Amino acid sequence: ILKKNNESIAGQELCVSFILTYNCNLACKYCFQKDLSKQTRAPRMSTEMTDEILTRHLRTMFPKAYRKNKLTFILYGGEPFLPANKNSILRILQYAKKRSVKISTTTNALFVPRVIDLFGQEYGKIQIVQVTLDGDRSYHNSQRIPLSGKPTFDDIISALRMLKKTNADILLRVHTHPQQMQSTRKLVEYLDKEKITGGNVQLYFAPLSDFTNCSTEEMSEFRNLFENIANKSGAPPSSGLNFLRNLIEMQEEKFFPRTHFCAAGSDTVRIIDPLGDIYDCYEDAGNRERRIGSVSNGRVR
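Small disclaimer: the values here were computed from a predicted structure and weren't measured.

Comments concerning the overall build of the protein chain
Part 1 of the argument: Assigned secondary structure in the protein chain consists of eight helices and 12 strands.
Part 2 of the argument: As presented, the protein chain carries roughly 16100 Å² of accessible surface, and 48% of it is formed by carbon and sulfur atoms.

A closer look at helix α2 (residues 47-61)
Part 1 of the argument: Taking the largest bend as the criterion, α2 deviates by roughly 50 degrees, centred on Thr-55.
Part 2 of the argument: Among the residues of α2, Thr-47, Met-49, Thr-50, Glu-52, Ile-53, Leu-54, His-57, Leu-58 and Met-61 are the ones counted as buried.

Some thoughts on the packing of helix α5 (residues 153-166) against helix α6 (residues 181-193)
In a packed pair of helices, the relevant descriptors are the angle between the two axes and the axis-to-axis distance.
Part 1 of the argument: It is at 13 Å that the axes of α5 and α6 come closest, and there the two elements cross at 40 degrees. It follows from the interaxial angle that α5 and α6 lie oblique. Viewed along their axes, α5 and α6 form a crossing whose handedness is right-handed. For the pair α5 and α6, contact is made by Phe-153, Ile-157 and Arg-161 and by Leu-187, Tyr-190 and Leu-191, respectively.
Part 2 of the argument: Per-class residue counts for the contact of α5 with α6 are five nonpolar, no polar and one charged.

Remarks on the packing of aromatic side chains
Part 1 of the argument: Scanning all chains against the criterion turns up six aromatic pairs.
Part 2 of the argument: Relative to Phe-73, the ring of Phe-18 has its centre 5.3 Å away and its plane inclined at 85 degrees; by these criteria the two rings are edge-to-face. Highlighted residues: Phe-18 in strand β2 (residues 14-19) and Phe-73 in strand β3 (residues 71-76), separated in sequence by 55 residues. Side by side, Phe-18 and Phe-73 carry an identical accessibility label, which is buried.

Description of the side chain of Ser-17
Part 1 of the argument: Along the chain, the position of Ser-17 falls in strand β2.
Part 2 of the argument: A distance of 2.9 Å separates polar atoms of two side chains, one belonging to Ser-17 and the other to Tyr-282.
Part 3 of the argument: Residues in contact with Ser-17, not counting those within four places in the same chain, are Ile-74, Tyr-76, Arg-270, Ile-271, Ile-272 and Tyr-282.

Considerations on helix α7 (residues 216-233)
Part 1 of the argument: A rise of 1.5 Å per residue sets the reference length of α7, with its 18 residues, at 26 Å; its end C-alpha atoms lie 26 Å apart and thus fit the reference within 8%.
Part 2 of the argument: Regarding α7, the residues found buried are Glu-218, Phe-222, Leu-225, Phe-226, Ile-229 and Ala-230. Buried residues of α7, seen end-on, are gathered within an arc of 135 degrees and therefore sit on one face of the element. Residues of α7 that are exposed and angled more than 90 degrees away from the buried face: Thr-216, Glu-217 and Asn-231.
Part 3 of the argument: A positive phi of about 80 degrees marks Gly-234, the residue just after α7.

Points about the pairing of β3
Part 1 of the argument: Within β3, six of the six residues are buried, leaving the element largely enclosed by the surrounding structure.
Part 2 of the argument: Covered by surrounding structure in β3 are Leu-71, Phe-73 and Leu-75 together with Thr-72, Ile-74 and Tyr-76, the residues of both alternating faces.
Part 3 of the argument: Where β3 and strand β4 (residues 102-106) come together, four bridges link them in parallel fashion. Residue pairing in the sheet places Phe-73 in a bridge with Ile-103 of β4.
Part 4 of the argument: In this fold, β3 hands off to helix α3 (residues 86-99), which returns the chain to β4; that crossover is right-handed.

Some points on the layout of surface pockets
Part 1 of the argument: The computed volume of the second largest pocket comes to approximately 450 Å³.
Part 2 of the argument: Val-188, Thr-197, Leu-203, Ile-229 and Lys-232 are the residues nearest the centre of the second largest pocket, which is lined by 21 residues in total.
Part 3 of the argument: When contributions to the lining of the second largest pocket are tallied by element, the ones reaching two or more residues are α6, β7 (201-207) and α7.
Part 4 of the argument: Ranked by residues supplied to the lining of the second largest pocket, first place goes to α7 with seven residues.
Part 5 of the argument: In the lining of the second largest pocket, the residues fall into nine nonpolar, seven polar and five charged.

Looking at the sheet that holds β2
Part 1 of the argument: Within the open sheet, the 10 strands sit side by side as β7-β6-β5-β4-β3-β2-β9-β10-β11-β12. Their pairing is mixed. For this open sheet the edge positions go to β7 and β12 (299-300), each flanked by a neighbour on one side alone.
Part 2 of the argument: In this structure, strand β10 (residues 277-279) lies alongside strand β11 (residues 293-296), joined through two bridges in antiparallel fashion. When the bridges of β11 are listed, Asp-277 appears paired with Ser-294.
Part 3 of the argument: Sitting on the sheet, α3 is in contact with β2, β3 and β4, with an inclination near 165 degrees to β3.
Part 4 of the argument: The strands that α5 touches are β5 (128-133), β6 (169-176) and β7; relative to β5, the one it contacts most, it runs at about 160 degrees.

Concerning the confidence of the model for the protein chain
Part 1 of the argument: Per-residue pLDDT for the protein chain averages 83, and the proportion of residues at 70 or more is 81%.
Part 2 of the argument: Across the protein chain, α5 holds the top mean pLDDT of 98, while strand β1 (residues 3-4) sits lowest at 32.
Part 3 of the argument: Segment residues 1-11: pLDDT under 50, and 27 contacts once partners within four positions in sequence are set aside and those in other chains are kept.
Part 4 of the argument: Here residues 250-261 is modelled with pLDDT under 50, and outside its nearest four sequence neighbours on either side it reaches 23 contacts, counting other chains as well.

Definitions and cut-offs
- Residues numbered from 1 in each chain as written.
- Predicted model: local features only at pLDDT ≥ 70, side-chain atom pairs only at ≥ 80, totals over all residues.
- Heavy atoms only, no water.
- Helix = DSSP H or I, 4+ residues; strand = E, 2+ residues; numbered from the N terminus.
- Areas by Shrake-Rupley, 256 points an atom, 1.4 Å probe, with all protein chains shown as cover.
- Bend = angle between axes of the 7 residues up to and from the residue.
- Buried < 20%, exposed > 50% of the residue type's maximum accessible area, 1.4 Å probe, protein only.
- Axes fitted to C-alpha atoms, helices over the stretch in contact; angles between N-to-C directions.
- Parallel < 35°, antiparallel > 145°, perpendicular 65-115°, else oblique.
- Left-handed = near helix turned anticlockwise from the far one by under 90°.
- Contact = heavy atoms within 4.5 Å.
- Nonpolar A, V, L, I, M, F, W, Y, C, P; charged D, E, K, R; others polar.
- Phe/Tyr/Trp six-rings, centres within 6.5 Å; stacked < 30°, edge-to-face > 60°.
- Polar contact = N/O pair within 3.5 Å; in protein donor to acceptor, adjacent residues only side chain to side chain.
- Expected span 1.5 Å × (residues − 1).
- Arc of directions from axis to C-beta.
- Pairing = 2+ DSSP bridges.
- Right-handed = clockwise from strand over helix to strand, strands pointing away.
- 1 Å grid on protein atoms, 1.4 Å probe; cavity = no way out; pocket = protein on both sides within 12 Å on 5 of 7 lines; lining within 4 Å.
- Points joined across faces, edges and corners; volume = space filled by probe spheres on them.
- pLDDT = per-residue confidence, 0-100.

The structure is reproduced here in structure tokens:
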């Protein structure tokens, strides 16, 4: 996951992330993309654009590195598994099967049961899945809700059970909220009791705050919870701590470790949205002034 700044791009994987849509079936209050679906003129990535990217433009998007490296694909959104996106997804899976390309996705999982046959460990399937929960049933249902207001916790748990049977690798992202450590603890206890975590399901925490106003008791509870999960899994349940560990272990090295998740300025990640705009940072996606290129009139510019 972590690379040194002085490392050559040769041997690294090249990533194409397809933002299939900015639309989503949820209306989470904290979502950084929540206004993008109103701004874009393209509700979804067309199959024509998907085909054009796959058959004509991959090499152009990685001019310095395409010949030397393997490709990986990410299906992203909005919510990538909205029904209107299925044909584009099938195109991507067909290409991946022929060219031995690995595929991962980030999803709220509510539409996953409809397409469960698309997940698995072989090429042509989606091999890595990230799903998010916001706490125990009560708190999650107050935060991660559709416009209808219908609770989502039990439906997501059901989808996780189905995904686990496919043997796809599941990254279960748990949002940690200020003043909600008890909710986080109850969720972890529930997941453990129901035998959802473990095996091909890896849990990790993602804070939605810097927690500067948390009480000593709350932070102590989180520390104990964190340590218990780390002991069970053999790894820190946080991508941020993986970075910190690598930084500490550097000792005499001269170059800081660089996280995989920010690719701004690199030649290894391309993020393409329904308009055909190309970005190298997820947080820039949809802000057309920040795009680094576009697919238009049969060309990459």
